[in-house]
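The residues making up each chain are set out below.
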Amino acid sequence: MRGTTALPGTPCLAPRGGEPPVHRLEVRAPGEVPFAAGGFDAMGPMSRAAFPHRHTFYEIVHVVEGSGAHVLDAERYEVRPPQLGVILPGQVHHWEGVRGLEGSLVLFTPEFLLGDGDEGLLRRLGERPWVGLDDASHERTSLLMAELAEEYRCGADGFAGVLRSLLHVLLVRAARLPGAAVRPAPVRGIAEEFVRLAGRAGADGLSVRECAERLGVSPGHLAEAVRAATGRTPAALLREARTREAQRLLISTGLSIRQVASRVGFADPAYFCRFFRRETGRTPGDFRKHHDRRDPSIEAGGPHA
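The following paragraphs examine the structure supplied in this document. In this text, all values refer to a predicted model and were calculated from it rather than measured experimentally. (Residues numbered from 1 in each chain as written. Predicted model: local features only at pLDDT ≥ 70, side-chain atom pairs only at ≥ 80, totals over all residues. Heavy atoms only, no water.)

1. Section: the pattern of salt bridges
Summed over the entire model, instances satisfying the criterion amount to 17 salt bridges. The salt bridge partner of Glu245 is Arg54, with a shortest N-O separation of 2.5 Å. Here Glu245, found in helix 8 (residues 234-252), pairs with Arg54, found in strand 5 (residues 53-55); they are 191 residues apart in sequence, far enough to count as distant. Arg54 matches Glu245 in its accessibility class, with the two residues each being buried. With its nearest N and O atoms 3.2 Å apart, the salt bridge here joins Glu119 to Arg196. One end of the pair, Glu119, is in helix 2 (residues 116-125); the other, Arg196, is in helix 5 (residues 189-204), with 77 residues separating them in the sequence. On the basis of relative accessibility, which here comes to 11%, the residue Glu119 falls in the buried class. Connected via shared salt-bridge partners are Glu19, Arg54, Asp73, Glu245, Arg248 and Arg263. (Salt bridge = Lys/Arg side-chain N within 4 Å of Asp/Glu carboxyl O. Helix = DSSP H or I, 4+ residues; strand = E, 2+ residues; numbered from the N terminus. Buried < 20%, exposed > 50% of the residue type's maximum accessible area, 1.4 Å probe, protein only.)

2. Concerning the layout of surface pockets
Over the atoms, a rolling probe the size of a water molecule traces out where space has been left empty. Here the second largest pocket defines a volume of roughly 150 Å³. Around the second largest pocket sit Leu84, Ser137, Arg140, Thr141, Leu144, Leu170, Arg173, Ala174, Arg176 and Leu177, which together line it. Secondary structure elements with two or more residues in the lining of the second largest pocket: helix 3 (135-154) and helix 4 (159-176). Split into classes, the residues belonging to the lining of the second largest pocket amount to five nonpolar, two polar and three charged. (1 Å grid on protein atoms, 1.4 Å probe; cavity = no way out; pocket = protein on both sides within 12 Å on 5 of 7 lines; lining within 4 Å. Points joined across faces, edges and corners; volume = space filled by probe spheres on them. Nonpolar A, V, L, I, M, F, W, Y, C, P; charged D, E, K, R; others polar.)

3. Focus on the nonpolar core
Formed by 48 residues in total, the largest nonpolar core has its most connected members in Phe35, Ile60, Val106, Phe108 and Leu167. With nine residues, helix 4 is the single largest residue contributor to this core. Among all residues touching Leu167, those that are not within four sequence positions of it are Ile60, Val106, Phe108, Phe112, Leu113 and Leu148. By size, the runner-up hydrophobic cluster in this structure holds 15 residues, among which are Ala198, Cys211, Leu215 and Leu237. (Core = buried A, V, L, I, M, F, W, Y, C linked by side-chain atoms within 4.5 Å. Contact = heavy atoms within 4.5 Å.)

4. Focus: unusual backbone geometry
Residues Pro81 and Pro82 are joined by a peptide bond in cis, for which omega reads -5°. A positive phi angle, near 55°, is found at Asp73, a position not held by glycine. When its relative accessible area of 12% is taken as the criterion, Asp73 is described as buried.

5. Points about the packing of aromatic side chains
Scanning all chains against the criterion turns up 11 aromatic pairs. Consider the rings of Tyr58 and Phe108, whose centres lie 5.4 Å apart with planes at 25°: the pair is stacked. A residue pair is termed long-range when its members are at least 10 positions apart, and Tyr58 in strand 6 (residues 58-72) and Phe108 in strand 9 (residues 92-108) qualify at 50 residues. For Tyr58, a relative accessible area of 6% corresponds to the buried category. A residue is classified by how much of its surface remains accessible, and Phe108, at 0% relative accessible area, is buried. For the ring pair Phe266 and Tyr271, a centre distance of 5.6 Å and an interplane angle of 55° mean the geometry is tilted. Chaining the aromatic ring pairs together yields one cluster made of Phe266, Tyr271, Phe272, Phe275, Phe276 and Phe287. The aromatic ring of Phe266 is capped on one face by Arg242, whose charged end is 4.1 Å from the ring centroid. (Phe/Tyr/Trp six-rings, centres within 6.5 Å; stacked < 30°, edge-to-face > 60°. Lys NZ or Arg CZ within 6 Å of the ring centre and 35° of its normal.)

The following block contains the structure:
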């Protein structure tokens, strides 16, 4: 949990120069559970932030009213309630041109989850992070979100266990939604640790060998475990992570292409441009022009520090 939460009023984590601000989950007191739930107004101004930023925690948002758009990494999702959205730690997101935005949010760190299965569900939900709800799904989701908010607000004996259980039900039901179309994959052991590391390695420019060293295994053993669990190679997953991080920086920052290349582990900007074009079909410059939605305004406040 260290580094993912903060007490109210704690300054945001300082990002590397030029990158989006990084917000931690505000907890009510030292030792408090790393979880928060409630409506947009209860969560504070940051719940409707109109500038690109990252979280150290997960966010699930249930939108029931409003218009505008939610921008997540390179994608723009129109707000057409009722909808359910999932934001993963490290993703860059913001609200764009929203009016009358209402609904509820659940915020929590990875350490709060019931088990690895829930983290796997979230990772897969993140592949389809914005889905519409039919009337029945909307009603069930509304009831669950209200229960989570009430349990969190009251804080009665054993409330942390109840919150984890309700959150697990929310994730399982979200995975059943037609728009999500996900099935949890049985990723365990070294493969699970690598997938978790790869999600952070995009910003660090780690190689497969360096990841293997951090995990205490040989590159060969790592490759076998990851391929058996995911059907993909460690190198492919790292390429995907580096590309995704480069896209985030190109869209949400004013860093030069040379600086972006360096941030994702490329000493040679020309090689980075070739890599990026091979992975995305666009040059970094073209990608930035097509997706540039940077907003210079930055505000703070709410359950994110």
